[in-house]
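The chain contents come next:
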Amino acid sequence: MLDNGINKPSPSLFPSHLIDEFTTFCYQRDVTRAMKAMGSMQRHGLWADSITYSELIKCCLARGAIDQGRLVHQHLFSQGHRPKTFLINILVSMYVKLGLLDEAQQLFEKMPERNVVSWTTMIAGYTNAMANDKALELLVLMLREGVIPNMFTLSSVLRACDGLPTLGQLHCIIVKTGLDSDVFVRSALIDIYSKWGEMDNALGVFDEMETGDAIVWNSIIGGFAQNSDGDKALTLFKRMKLAGFWADQSTLTSVLRACTALALLELGRQIHVHVLKFNQDVTLNNALLDMYCKCGSLEDAHFAFSRMVEKDVISWSTMIIGLAQNGFSSKALELFKSMKSSGIKPNYITMLGVLFACSHAGLVDDGQYYFQSMRKHLGIVPGREHYGCMVDLLGRAGKLDEAVKLINEMECKPDAVTWRTLLGACRIHHNTDLAIYAAKQILNLEPKDAGTYIILSNIYAKCQRWEDVAEVRKAMSDQRVKKEPGCSWIEVNKQIHAFILGDKSHPKMGQISMELNRLILRLKELGYVPDTNFVLQDLEGEQKEHSLSYHSEKLAIVFGMMTLSREHTIRIRKNLRICGDCHVFAKLLAKMEQRYIVIRDPIRYHHFRDGICSCGDYW
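These figures come from a predicted structure and were not determined experimentally.

## A few points about the packing of aromatic side chains
Part 1 of the argument: Here the structure, examined in full by the defined rule, presents 11 aromatic pairs.
Part 2 of the argument: With a centroid separation of 6.0 Å and an interplanar angle of 50 degrees, the aromatic rings of Trp217 and Phe245 are classed as tilted. Taken together, the residues Trp217 in helix α13 (residues 214–226) and Phe245 in the loop between α14 (230–242) and α15 (249–262) connect sequence positions 28 residues apart. An identical accessibility class is assigned to Trp217 and Phe245; each is buried.
Part 3 of the argument: Arranged with centres 5.5 Å apart and planes meeting at 55 degrees, the rings of Phe499 and Phe559 form a pair that is tilted. Here Phe559 lies in helix α31 (residues 552–563) and Phe499 lies in strand β2 (residues 495–500), a separation of 60 residues in the sequence.

Below, the structure written as structure tokens:
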């Protein structure tokens, strides 16, 4: 512009000053003024350096400013200008992080040059969006173009793995690219093998070379803990400590899960000491809380819960479910009210705990109210588990017709667990016809369910329908059905002792049997009568009693009494639901011997004290 002495421009309008102003606004994160300056630059055909634009794009991303981000994109490609690959990658990343994958893909396809960052950004984007097929397709195209994936590419694409064949191919690519020694890739590979339950392969990856990083240790320990192999997880934890690595939050969370699976309360208490170093970690505190609840130690659970500085919906839900499963339904519902008062919104799992509490306390009206309020007030669609709790609640209250009606109204198809719940209610209320119907529904879904065959056989035997009994036995034979043996575990002096029905391998089995027989005789003097309804009805009377006497939980209880002082709680974990006879036995024995006995079965926890069980004989 020429100076004619009349319209002299402001120095700030000169091109060099425009770029300087634009740069200043970008670094000041002043998006509005930066966009205005960028418009002036575009009219003058000016562009700043790539770093400055990257700052502006990051600012747009942080503010979710989609329209402004698109304007930056248009400006960078205006008037034939071609930005550097580095800057295009940042634009692609912006679109990916804003969830605009179609726009990211369009820009990606127009790139004149695509490097490993370009490909990795798109692959990670599709993986995070659960578009796994697209992520894997891009990896194939990347390799065809001769671009070698890096550790970030492979760590991302492993999460997109859709099955073991694909995982095997990705493992080969990792080895070929020489990234099998990379910490993040090894960790991701162990994680995905663990996800698919392939723990032998996960352990193979771990053992291939010496591990010099806690990340890989955490992955393998976490993998075994998630796959319910607590023994192996704890063994690896010991190896980790011997190798000189310190346990962090991730390690301790996995170790607590292992303790939970094995009901190792004493070890869990030792881990609690280490947890105190990370007192603000809510995930770790939730794992601690879950461990105490599932080990049946509600005093410890309440202490841990009350000390938590931060509580999320998982914290509240864990405590509510813990109270409900341990037979403290009223306290569970009180805590639910406190949760709502605190401003935390209940979720799917919370409501499962609430309904469980109502179900196991026989609170029909409360249960129906909470079930109806799920959708109406909380926007939670009831799932199969919620329906199961309601069927249990109605069935145990003797409202069998309402329970059947609810099953027929379920939005999802009832599974074997739902029918098994109804079957249990039929057995309590002696509804033979409905019990037979429920049992047949279970066997249609699970033809090898031994427990249902036995119940059905016993129902027929009670009705003297011997031809039907023979038919059930033949079906069991044809299906090669074998009843899973009852097994109970007890921890004594940091060692796990297992007892299985019919197994006499325990070194103290002779002493245990003698003590058990002595206790049964004393209990019979107090009125105990073995309930033979829980064994096959065509056994002779003495055989029935003998079979009941050696149920695994009775053996574990007696061993606990022999080895633990009276002040110690006898804590037992069982693989099958406790039978009615063992329940009566435990109640009477707890009163006679003044002992506190806790039994955890797959359904719930039973706290026996002074002749009373926390379940109120309602399980």
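## Considering the sheet that holds β2
Part 1 of the argument: Spatially, β2-β1-β3-β4-β5-β6 is the arrangement adopted by the six strands of the open sheet, whose pairing is mixed. Where the open sheet ends on each side, the last strands, each with one partner, are β2 and β6 (612–613).
Part 2 of the argument: Pairing of strand β3 (residues 570–574) with strand β4 (residues 597–600) involves four bridges; the strand directions are parallel. The residue bridging Arg573 from the neighbouring strand is Arg600, located in β4.
Part 3 of the argument: Across the sheet, α31 lies against β1 (487–492), β2, β3 and β4, angled at about 15 degrees from β1, the strand it touches most.

## Digging into the environment of Leu378
Part 1 of the argument: Relative to the assigned elements, Leu378 resides in helix α22 (residues 364–378).
Part 2 of the argument: Expressed as a C-alpha distance, the spacing of Leu378 and Met240, which sit 138 residues apart in the sequence, is 45 Å.
Part 3 of the argument: If sequence neighbours within four positions are ignored, Leu378 has contacts with Lys345, Pro346, Met351 and Ser373.

## Describing the nonpolar core
Part 1 of the argument: Core analysis: the largest hydrophobic core is formed by 158 residues, its most contacted members being Phe22, Leu56, Ile220, Met319 and Leu422.
Part 2 of the argument: Excluding residues that lie within four positions of it along the chain, Ile220 makes contacts with Ile190, Met199, Ala202, Leu203, Phe206 and Leu236.
Part 3 of the argument: Core analysis: the next-biggest nonpolar cluster, separate from the first, contains 33 residues, Leu516, Phe559, Leu564 and Phe585 among them.

## Overview of the pairing of β1
Part 1 of the argument: The element β1 is extensively covered by neighbouring structure, given that five of its six residues are classed as buried.
Part 2 of the argument: Two strands pair when backbone bridges link them, and β1 and β2 are joined in this way by six bridges, in the antiparallel orientation. Looking at β2, one finds that Ser488 is bridged to Phe499.
Part 3 of the argument: Linking β1 back to β2 in an antiparallel pair, the connection comprises two residues, with Asn493 at a positive phi of about 50 degrees.
Part 4 of the argument: With three bridges joining them, β1 and β3 adopt antiparallel strand pairing.

## Details of the pattern of salt bridges
Part 1 of the argument: The final tally for this structure, using the stated rule, is 22 salt bridges.
Part 2 of the argument: The salt bridge involving Glu409 is made with Lys405; its shortest N-O contact spans 2.6 Å. One end of the pair is Glu409 and the other is Lys405, both in helix α24 (residues 400–409) and four residues apart, which spans about a single turn.

## Some points on α14
Part 1 of the argument: An ideal rise of 1.5 Å per residue puts 18 Å on 13 residues; α14 measures up with 18 Å between its terminal C-alpha atoms.
Part 2 of the argument: Among all positions in α14, only Gly230, Ala233, Leu234, Leu236, Phe237 and Met240 are buried. Along the axis of α14, the buried residues cluster in a sector spanning 160 degrees; they form a single face. Turned more than 90 degrees off the buried face of α14, the exposed positions are Asp231, Lys238 and Leu242.
Part 3 of the argument: Just beyond α14, the residue with positive phi is Gly244, at close to 95 degrees.

## So, unusual backbone geometry
Part 1 of the argument: The phi dihedral of Arg29 is positive, around 60 degrees, even though this residue is not glycine.
Part 2 of the argument: Within the chain, His430 stands out as a residue other than glycine whose phi angle is a positive 55 degrees.
Part 3 of the argument: For His430, the position within the fold is in the loop between α25 (416–429) and α26 (432–445).
Part 4 of the argument: The class of His430 is exposed, set by a relative accessible area of 66%.

## Concerning the packing of helix α2 (residues 31–43) against helix α3 (residues 50–63)
Angle between the axes and distance between the axes: these two values describe a pair of packed helices.
Part 1 of the argument: Orientation of α2 relative to α3, taken along the N-to-C sense of each, is 135 degrees, at an axis distance of 11 Å. In terms of orientation, α2 lies oblique with respect to α3. Pair α2 / α3 crosses with left-handed handedness. Contact residues: α2 offers Val31, Ala34, Met35, Met38 and Met41, while α3 offers Tyr53, Leu56, Cys59 and Arg63.
Part 2 of the argument: Residues belonging to the contact of α2 with α3 are distributed by class as follows: eight nonpolar, no polar and one charged.

## What about a positive patch on the surface?
Part 1 of the argument: On the surface, Arg29, Lys58, Arg63 and Lys97 cluster together to form a positively charged patch.
Part 2 of the argument: With respect to the secondary-structure elements, Lys97 resides in helix α5 (residues 85–97).

Criteria and thresholds
Residues numbered from 1 in each chain as written. Predicted model: local features only at pLDDT ≥ 70, side-chain atom pairs only at ≥ 80, totals over all residues. Heavy atoms only, no water. Phe/Tyr/Trp six-rings, centres within 6.5 Å; stacked < 30°, edge-to-face > 60°. Helix = DSSP H or I, 4+ residues; strand = E, 2+ residues; numbered from the N terminus. Buried < 20%, exposed > 50% of the residue type's maximum accessible area, 1.4 Å probe, protein only. Pairing = 2+ DSSP bridges. Contact = heavy atoms within 4.5 Å. Axes fitted to C-alpha atoms, helices over the stretch in contact; angles between N-to-C directions. Core = buried A, V, L, I, M, F, W, Y, C linked by side-chain atoms within 4.5 Å. Salt bridge = Lys/Arg side-chain N within 4 Å of Asp/Glu carboxyl O. Expected span 1.5 Å × (residues − 1). Arc of directions from axis to C-beta. Parallel < 35°, antiparallel > 145°, perpendicular 65-115°, else oblique. Left-handed = near helix turned anticlockwise from the far one by under 90°. Nonpolar A, V, L, I, M, F, W, Y, C, P; charged D, E, K, R; others polar. Patch = residues over 30% accessible without salt bridge, like charges linked within 9 Å, V, L, I, M, F, W, Y side chains within 5 Å. Areas by Shrake-Rupley, 256 points an atom, 1.4 Å probe, with all protein chains shown as cover. Lys, Arg positive; Asp, Glu negative; His and termini not counted. Charge placed at Lys NZ, Arg CZ, Asp CG, Glu CD.

Bear in mind that shape data such as this cannot, by itself, settle questions of function.
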